[in-house]
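This is what each chain is made of:
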Amino acid sequence: MKGIIFSVLKEYAGNRHGDGGREAFRRATGLTAPLATSDYPDEKVAAAVGALAELSGKKPEEVLADFGRYFVAESPLMQKTYAAYFKNARNARDFLLKMDSVHVQTTKALPGAAPPRFEYEDRGDELVVVYRSERKLCLLLKGLIEGIGLRYNGRPLSWREEACMLGGAKACRVAVRF
């Protein structure tokens, strides 16, 4: 997994849990200053999320979803690094529809990147986001969707799960309402 995830996760750990969060992240991952363009084992994300869950008394699933919200709506690092992407999206729907093209560009720019892929089904009042990833970070996606709503609308977007890879589906299908 690319280091930008680890950089923002370290930021999240510190912003949510102070020095204790930063220390939990460091102990779990062995990383003090992850580099955004470096590759790190996926297992280190799970280790960090587990450590932060233990620290906060929350379930790992809750931490992963909260991290997703933070990633889009609050992270100063993301706001700075991807400012052009945020500015070029007119609203939450537009941002969601651009996520796959952002990941395609990331794959071209960063050798070895394997970000998730997205497809979309526009139902008028709902946009179905179809998510495919070997990592199966569905809960992160759901938090991201909520965070996109916070970023653009000042409130989380509502979503409904239609299918999930964690339940055996080939892809996650999340119907989003704006």
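Please refer to the structure placed before this passage.
Residues numbered from 1 in each chain as written. Predicted model: local features only at pLDDT ≥ 70, side-chain atom pairs only at ≥ 80, totals over all residues. Heavy atoms only, no water.

### Here we look at the overall build of the protein
Assigned secondary structure in the protein consists of 7 helices and 4 strands. Counting only C-alpha atoms and orienting by the principal axes, one finds that the protein spans roughly 45 × 35 × 30 Å. When the 178 residues of the protein are sorted by exposure, 46% land in the buried category. Intrachain contacts of the protein at a sequence separation of at least 6 include 58% that bridge at least 24 residues. Carbon and sulfur atoms form 52% of the exposed surface of the protein, whose accessible area is close to 9000 Å². Charge-centre separation for the protein: the mean point of 28 positive side chains lies 3 Å from the mean point of 22 negative side chains. (Helix = DSSP H or I, 4+ residues; strand = E, 2+ residues; numbered from the N terminus. Buried < 20%, exposed > 50% of the residue type's maximum accessible area, 1.4 Å probe, protein only. Contact = heavy atoms within 4.5 Å. Areas by Shrake-Rupley, 256 points an atom, 1.4 Å probe, with all protein chains shown as cover. Lys, Arg positive; Asp, Glu negative; His and termini not counted. Charge placed at Lys NZ, Arg CZ, Asp CG, Glu CD.)

### Overview of helix H2 (residues 43-56)
The end-to-end C-alpha separation of H2 is 20 Å, in line with the 20 Å expected for 14 residues at 1.5 Å each. Listing the buried residues of H2 in full gives Val 45, Ala 48, Val 49, Leu 52 and Ala 53. The buried side chains of H2 occupy one side of the element, clustering within an arc of 140 degrees when seen end-on. Exposed side of H2, more than 90 degrees from the buried face: Glu 43, Ala 46 and Glu 54 are the residues found there. Residues of H2 that are buried in the fold lie against helix H1 (3-29) and helix H3 (60-73). The first or second residue beyond H2 is Gly 57, which carries a positive phi of 80 degrees. (Expected span 1.5 Å × (residues − 1). Arc of directions from axis to C-beta.)

### Digging into the pairing of strand E1 (residues 117-122)
Both E1 and strand E2 (residues 126-132) contribute to a ladder of 6 bridges, which runs antiparallel. Among the inter-strand pairings, Tyr 120 is bridged to a residue of E2, identified as Val 129. (Pairing = 2+ DSSP bridges.)

### Thoughts on the packing of aromatic side chains
Applying the stated criterion to the full structure yields 8 aromatic pairs. Between the aromatic rings of Tyr 12 and Phe 67, the centroid separation amounts to 5.5 Å while the plane-to-plane angle is 65 degrees, which identifies the pairing as edge-to-face. One end of the pair, Tyr 12, is in helix H1; the other, Phe 67, is in helix H3, with 55 residues separating them in the sequence. What makes Tyr 12 buried here is its relative accessible area of 2%. Residue classification places Phe 67 among the buried positions, given a relative accessible area of 2%. Ring plane angle 5 degrees and centroid distance 5.2 Å describe the contact between Phe 86 and Phe 95, whose orientation is recorded as stacked. (Phe/Tyr/Trp six-rings, centres within 6.5 Å; stacked < 30°, edge-to-face > 60°.)

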